[in-house]
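Here are the chains, one letter per residue:
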Amino acid sequence: MIVAAVDQSAHARRVVKEAAALAQAFDQPLHVVHVMRQSEFVSRQQDHAEETGKPIDMAEIREIATEHAESIAEDVDTIGEYTPVGLVGDAPSEVVEYANTHDVRYIVVGPRSRSPAGKAVFGSTAQSILLNASCAVVSIVDN
């Protein structure tokens, strides 16, 4: 399986496109994974509670994250078949855990743009995935 780990950055569509190419080349299923960070979850929880008077269900939060993964993937013409996945929590931990429990061959990430000095070091999410994943991690960097 190939995982495209996407966030809300401009790199997300490129990550999906490259992950789809790997999935096709290795005849592997593609999962497009978006992790809703805890801070966003808390914000949505508060907004929902203020509007309705009750907390939002965790399944609904995961569905929102899944919809985000799906919206990014839908914008990529060459993607083929894929499974959108929504998770909630610390992005690096959730992506690595997902990879460990789903027999993932590659995780594709798109680190955020850095200053010239910062280009030697990945962003914290991509770096954490790279350092903790037990499978290969492919980093898509914009030129």
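The sections below set out a description of the structure shown in this document. (Residues numbered from 1 in each chain as written. Predicted model: local features only at pLDDT ≥ 70, side-chain atom pairs only at ≥ 80, totals over all residues. Heavy atoms only, no water.)

Turning next to the overall build of the chain. Secondary structure assignment for the chain yields five helices and five strands. Going from N to C terminus, the chain has its helices and strands arranged as β-α-β-α-α-β-α-β-α-β. Counting all 143 residues of the chain, 42% fall into the buried class. In the chain, of all internal contacts separated by at least 6 residues, the share reaching a separation of at least 24 is 72%. (Helix = DSSP H or I, 4+ residues; strand = E, 2+ residues; numbered from the N terminus. Buried < 20%, exposed > 50% of the residue type's maximum accessible area, 1.4 Å probe, protein only. Contact = heavy atoms within 4.5 Å.)

Moving on, we come to the environment of Glu40. Summarising the element assignment, Glu40 is placed in helix H2 (residues 38–52). Looking at Glu40, the relative accessible area reads 23%, which means it is partly exposed.

The next thing to look at is the packing of helix H4 (residues 91–101) against helix H5 (residues 124–132). The geometry of H4 relative to H5 is characterised by a closest axis approach of 9 Å and an angle of 35° between their N-to-C directions. Both H4 and H5 take part in a crossing whose hand is right-handed. Along its contact with H4, which presents Ala91, Pro92, Val95 and Val96, the element H5 presents Thr125, Ser128, Ile129 and Asn132. A per-class count over the contact of H4 with H5 returns five nonpolar, three polar and no charged. (Axes fitted to C-alpha atoms, helices over the stretch in contact; angles between N-to-C directions. Left-handed = near helix turned anticlockwise from the far one by under 90°. Nonpolar A, V, L, I, M, F, W, Y, C, P; charged D, E, K, R; others polar.)

The topology assignment puts Ser71 in helix H3 (residues 58–74). Residue classification places Ser71 among the partly exposed positions, given a relative accessible area of 31%. Between the alpha carbons of Ser71 and Arg13 there is a distance of 9.7 Å; along the sequence they are 58 residues apart. For Ser71, the side chain forms a polar contact with the main-chain oxygen of His68, separated by 2.9 Å. (Polar contact = N/O pair within 3.5 Å; in protein donor to acceptor, adjacent residues only side chain to side chain.)

Glancing now at the packing of aromatic side chains. Scanning the model with the defined rule gives one aromatic pair in all. The positively charged end of Arg105 is found above the aromatic ring belonging to Phe26, 4.1 Å away from the centroid. (Phe/Tyr/Trp six-rings, centres within 6.5 Å; stacked < 30°, edge-to-face > 60°. Lys NZ or Arg CZ within 6 Å of the ring centre and 35° of its normal.)

Attention now goes to the side chain of Thr66. Within the element layout of this structure, Thr66 appears in helix H3. Not counting residues within four places of it along the chain, the set of residues in contact with Thr66 comprises Pro84, Val85 and Gly86.

One open sheet accounts for five strands, arranged S3-S2-S1-S4-S5; its pairing is parallel. What marks the edges here is a single partner per strand, and that holds for strand S3 (83–88) and strand S5 (136–139). With strand direction ignored, the average angle separating the axes of adjacent strands in the sheet is 25°. Two strands pair when backbone bridges link them, and strand S1 (residues 2–6) and strand S4 (residues 106–109) are joined in this way by three bridges, in the parallel orientation. (Pairing = 2+ DSSP bridges.)

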